[in-house]
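What the coordinates show
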Amino acid sequence: MSKHSNIPFLDLVTPHVELEQELTAVFRRALLTAGFIGGPMVEEFEQAFASFCDVSHSIAISSGTDALRFAIMACGVQPGDVVLTVPHTFIATTEAISQAGAFPEFVDIDEHTYNMSVEKLQLFLEGQCTRDTFGKLISRRSHRPVTAIVPVHLYGQMADMDGILKLADKYGLTVIEDACQAHGAEYFSKRLNRWFKAGSMGRAAAFSFYPGKNLGACGEAGAVTTNDAAVSTKIRTLRDHGQVKKYFHDVEGYNGRLDSMQAGFLHVKLAHLAQWNEQRREHAARYSQLLSGDESIACPYEPSWSRAVYHLYVIRTADRDGMIQHLQEAGIGTGIHYPVPLHLQKAYASLGHSAADFPVAAQVASEILSLPMFPQLTAAQQLRVVEQVARFTSGALQKRGVAAEVAGISAEQTA
Ligand SMILES: Cc1ncc(COP(=O)(O)O)c(C=O)c1O
């Protein structure tokens, strides 16, 4: 065991200690006004989050999963439709598709970004789809109409949206972003010659505010963002039992509202999100620099069109499980996001997929490892993490020492 204190994978306590007074004030405001559901705290947060994402509408929802389900439904996906997504994501992505009455079908990921491969998407649309007599795009696999794409901005980096949107336009498909891990991430569109925030490029997007996310609530929470007023109105109706006004129900809906206290907590934290994201980016740059000499490790790849917000810092290495054990023994927390790709999960056994159907996702899942990443992580903690990684991969210590010098971090800082 290390003589140092443990390094957690994630520290959720420190930001709450730092913001304790403001968060307690939110709790008091809710208690003293008995404003627990809806009301000004929710509306104020919705406006602030819409402005943060550069969109005209944000609708607060009870979770990211419900946000994605409502977004899919409100964008016109019909029960029985096929929605294309990736196998390398959290299962909530496909649960939301299924809960909307649609069927997920998979497109493999890009080997470097771990997000949807535009090339594979094109191959799927060209080679595995056909048109029926009405001109509808039909999946050859399931004989169902393909109507939408859900790219996932995994680990805080946006998928290659120009390529995805171009294919969506060509094939008449709706794009709904799963931005649950990407609050504040940005994408440079060559087509439109400017930067876009996550959640502002698709017809709608879903965010999760699960406590461990870059913007996390003190419980369950989510939101949809959109520039489409009609989609926004539909989602507001769906989240509130299909009501257009109290006890007047246009459709059957859901109880998918966000508690006002959670909205208040999120509003307090939103003021710090840009700075926290910047700290994450600095930590990521430092990790990548320190690890750069070790050829047995692949660091995250950030293309020039991406400004990632490193919800997770994920490396790839052949003996992933051995490294996890070594780091655990050294008191360093890690994670795997995610160990089994969706096409190989028991929940989707009925689809009859094998690893070879989406080989990149299958390979990546066996090699990825998430290192400690949170805004309050210190340079000294990072150096200790990298030292232990290097000790495990062996032989890379000297090279890493050079990299540490370049990064301006001395070994004494670990004392
Ligand atoms: C990629 C992705 N999609 C969807 C979700 C679902 O969000 P929630 O847990 O808030 O329902 C999550 C969060 O865990 C996620 O990481």
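Description of the structure in this document. Fair warning: this is a prediction, and the values are worked out from it, not measured in the lab.

Regarding the overall build of the protein chain
Looking only at helices and strands, one finds 13 helices and 17 strands in the protein chain. Computed over its C-alpha atoms, the radius of gyration of the protein chain comes to 22 Å, within 12% of the 22 Å expected for a compact globule of 415 residues. C-alpha atoms of the protein chain, sized along the principal axes, occupy 65 × 60 × 45 Å. Expressed as a percentage of the 415 residues in the protein chain, the buried residues total 55%. At a minimum sequence separation of 6, the contacts of the protein chain that also span at least 24 residues come to 71%.

With respect to the site of the ligand
Not every one of the 15 residues close to the ligand is listed here, only the nearest: Gly 64, Thr 65, Asp 178, Ser 208 and Lys 213. Protein chains shield 93% of the accessible area of the ligand, which is 390 Å² for the free molecule. For the shell around the ligand, the secondary-structure elements that each account for two or more residues are helix H4 (64-74) and helix H5 (92-99).

Here we look at a nonpolar patch on the surface
A surface patch of nonpolar side chains, about 500 Å² in accessible area, is lined by Phe 27, Leu 31, Leu 32, Phe 36 and Ile 37. One can find Leu 31 in helix H2 (residues 20-33). Its relative accessible area of 46% is what places Leu 31 among the partly exposed residues.

Some thoughts on the sheet that holds strand E2 (residues 82-85)
The strand order E1-E11-E10-E7-E6-E2-E3 describes an open sheet built from seven strands, whose pairing is mixed. The strands lining the two open edges of the sheet, one partner per strand, are strand E1 (57-61) and strand E3 (103-106). Strand-to-strand twist across the sheet, computed as the mean angle between neighbouring axes with direction ignored, equals 25 degrees. Across five bridges, strand E10 (residues 204-208) lies against strand E11 (residues 222-226) in antiparallel orientation. In the strand pairing of E11, Ser 208 is matched with Gly 222. Where H5 meets the sheet, its contacts fall on E2, E3 and strand E7 (174-178), and the angle it forms with E3 comes to roughly 140 degrees.

Regarding the packing of aromatic side chains
Counted by the stated rule, this structure contains 14 aromatic pairs. Considering the side-chain rings of Phe 45 and Phe 49, the 5.7 Å spacing of their centres and the 20 degrees angle between planes classify their relative orientation as stacked. Here Phe 49 and Phe 45 lie together in helix H3 (residues 40-52), a separation of four residues that amounts to about one turn. No difference in accessibility class separates Phe 45 from Phe 49, as the two residues are buried.

Things to note about helix H12 (residues 379-393)
Between its first and last C-alpha atoms H12 spans 21 Å; for 15 residues at 1.5 Å apiece the expected length is 21 Å, and the two agree. Of all 15 residues in H12, 12 are buried, a share of seventy percent or more. With its phi angle positive at about 50 degrees, Ser 394 sits one or two positions after the end of H12.

A short note on H4
With nine of 11 residues buried, H4 is to be regarded as a mostly interior element. Of all the positions in H4, only Gly 64, Asp 66, Ala 67, Leu 68, Arg 69, Phe 70, Ala 71, Ile 72 and Ala 74 are classed as buried. Those residues of H4 hidden inside the fold are in contact with E1, H5, E7, E10, E11 and helix H8 (229-238). At the N-terminal boundary of H4, the capping side chain belongs to Ser 63, with an oxygen 3.4 Å from the backbone nitrogen of Thr 65. Within two residues after H4, Gly 76 carries a phi angle of roughly 95 degrees, on the positive side.

Procedures and definitions
Residues numbered from 1 in each chain as written. Predicted model: local features only at pLDDT ≥ 70, side-chain atom pairs only at ≥ 80, totals over all residues. Heavy atoms only, no water. Helix = DSSP H or I, 4+ residues; strand = E, 2+ residues; numbered from the N terminus. Rg over C-alpha atoms; globule rule 2.2 N^0.38 Å. Buried < 20%, exposed > 50% of the residue type's maximum accessible area, 1.4 Å probe, protein only. Contact = heavy atoms within 4.5 Å. Near = heavy atom within 4 Å. Areas by Shrake-Rupley, 256 points an atom, 1.4 Å probe, with all protein chains shown as cover. Patch = residues over 30% accessible without salt bridge, like charges linked within 9 Å, V, L, I, M, F, W, Y side chains within 5 Å. Salt bridge = Lys/Arg side-chain N within 4 Å of Asp/Glu carboxyl O. Pairing = 2+ DSSP bridges. Axes fitted to C-alpha atoms, helices over the stretch in contact; angles between N-to-C directions. Phe/Tyr/Trp six-rings, centres within 6.5 Å; stacked < 30°, edge-to-face > 60°. Expected span 1.5 Å × (residues − 1). Polar contact = N/O pair within 3.5 Å; in protein donor to acceptor, adjacent residues only side chain to side chain.

Honestly, that's just the spatial picture; any functional story needs more than this.
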